[in-house]
Amino acid sequence: FIKSKQFQLGTDEVKDYPTFEVTAQVGGNLGDGPARLGMYKFDKMYNGAAAYTNGKYIVFYGGEKSGWQWVTSYNAWAGNGPALSAIADAQGFIKSKQFQLGTDEVKDYPTFEVTAQVG
């Protein structure tokens, strides 16, 4: 019963939830992009998944009916997000919204010059 209420027992193995950085919005139409950037730290377990915050936004799993959410409070709702079975963690959800993490490999696209119109 205690564990079902999202409490931890002294005998439980404690998982490490490292911080991560959201570095850029690379597409999509999710608003308030600059405020979503920054370091995210573990906040708490919520509906069976690790929830993270950057102090302005929280990314958490809202349960079977709400799915993943990336909003400003646990009481906010941004529509039905994907299920935990489809996206396993907060980082995966953030990437699905076309944001880049600090650990992502960033492709180098060389510059080029257009010199003339030929037709």
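What counts and what doesn't
The written sequence of each chain sets the order in which its residues are numbered from 1. In keeping with the model being predicted, local features are shown solely for residues with a pLDDT of at least 70 and side-chain atom pairs are shown and tallied solely at 80 or more, while totals for entire chains, interfaces and linings include all residues. With hydrogens and water set aside, each side-chain value is computed from the structure's full complement of heavy atoms. We define a nonpolar core as any set of buried Ala, Val, Leu, Ile, Met, Phe, Trp, Tyr and Cys residues linked to one another through side-chain atoms lying within 4.5 Å. Here's how the labels work: a residue is buried when its accessible area is under 20% of the maximum for its type, exposed when over 50%, partly exposed in between, all with a 1.4 Å probe on protein chains only. Should any heavy atoms of two residues lie within 4.5 Å, those residues are considered in contact. Secondary structure elements are taken from DSSP: a helix is a run of H or I of four residues or more, a strand is a run of E of two residues or more, and numbering for both begins at the N terminus. In the analysis that follows, any N or O atom pair within 3.5 Å is treated as a polar contact, provided that within protein one partner can donate a hydrogen and the other can accept it, and provided that, for residues neighboring in sequence, both atoms belong to side chains. Residue-level confidence of the predictor is summarised by pLDDT, bounded by 0 at the bottom and 100 at the top. Stacked, tilted and edge-to-face are the three classes applied to pairs of Phe, Tyr and Trp rings, where Trp contributes its six-membered ring and a pair requires centres within 6.5 Å; stacked means planes under 30 degrees apart, edge-to-face means over 60, and tilted covers the rest. Charge-over-ring contacts are defined here by two conditions on Lys NZ or Arg CZ: a distance within 6 Å of the ring centre and an angle within 35 degrees of the ring normal. Whether two strands pair depends on DSSP finding at least two bridges between them. Helix axes are fitted to C-alpha atoms over the stretch in contact, other axes to C-alpha atoms as well, and angles between N-to-C directions run from 0 to 180 degrees.

Trainee: Quick question: what am I supposed to make of the nonpolar core here?
Mentor: Proteins that are soluble and globular tend to have nonpolar side chains buried together. Counting 18 residues, the largest nonpolar core has Tyr40, Val59, Trp68, Trp70 and Ile94 as its most contacted members. If sequence neighbours within four positions are ignored, Val59 has contacts with Tyr40, Ala50, Ala51, Tyr52, Trp68, Gln69, Trp70, Ala90, Phe93 and Ile94.

Trainee: I keep staring at the side chain of Asn54 and nothing clicks. Help me out?
Mentor: The topology assignment puts Asn54 in the loop between β3 (49-53) and β4 (58-61). Assessed through its relative accessible area of 18%, Asn54 is described here as buried. A polar side-chain atom of Asn54 sits 3.3 Å from a polar atom in the side chain of Tyr40. Among the polar contacts made by the side chain of Asn54, one reaches the main-chain amide nitrogen of Lys56 at a distance of 2.8 Å. When neighbours within four sequence positions are excluded, Asn54 is seen to be in contact with Ala35, Arg36, Leu37, Met39 and Tyr40.

Trainee: Quick question: what am I supposed to make of the confidence of the model for the chain here?
Mentor: Should pLDDT be low for a region, the predicted coordinates there are not to be read in detail. For the chain, the mean per-residue pLDDT works out to 89, and 92% of the residues sit at or above 70. Across the chain, element-level confidence peaks in β4 with a mean pLDDT of 97 and bottoms out in strand β6 (residues 99-101) with 93.

Trainee: Mind showing me how you'd approach the packing of aromatic side chains here?
Mentor: When we look at a pair of aromatic rings, we describe it by the centre distance and by the angle of the planes. A complete count under the given rule lists 11 aromatic pairs for this structure. Between the aromatic rings of Phe20 and Tyr52, the centroid separation amounts to 4.9 Å while the plane-to-plane angle is 65°, which identifies the pairing as edge-to-face. Within this pair, whereas Phe20 is found in strand β1 (residues 20-25), its partner Tyr52 is found in strand β3, the two being separated by 32 residues in sequence. Side by side, Phe20 and Tyr52 carry an identical accessibility label, which is buried. Taking NZ or CZ as reference, Lys44 lies 4.3 Å from the ring centre of Tyr74, over its face.

Trainee: Any chance you could explain the side chain of Thr53 here in plain terms?
Mentor: Along the polypeptide, Thr53 turns up in strand β3. A polar contact is formed between the side chain of Thr53 and the backbone oxygen of Tyr57, at a distance of 2.9 Å. Discounting residues that sit within four places of it in the chain, Thr53 has contacts with Met39, Tyr40, Lys41, Asp43 and Ile58.

Trainee: Which parts of the structure should I look at to understand the sheet that holds β4?
Mentor: Neighbouring strands of a sheet are bound in pairs by backbone hydrogen bonds; such pairs are parallel or else antiparallel. Strand order across the open sheet formed by six strands is β5-β4-β3-β2-β1-β6, with antiparallel pairing between neighbours. Looking at which strands have only one partner, the edges of the open sheet turn out to be β5 (68-71) and β6. For this sheet, the mean inter-axis angle between neighbouring strands, taken without regard to orientation, is 30°. Of the strand pairs in this sheet, β4 and β5 are connected by four bridges, and their pairing is antiparallel. Its bridge partner lying in β5, Val59 is registered against Trp70.

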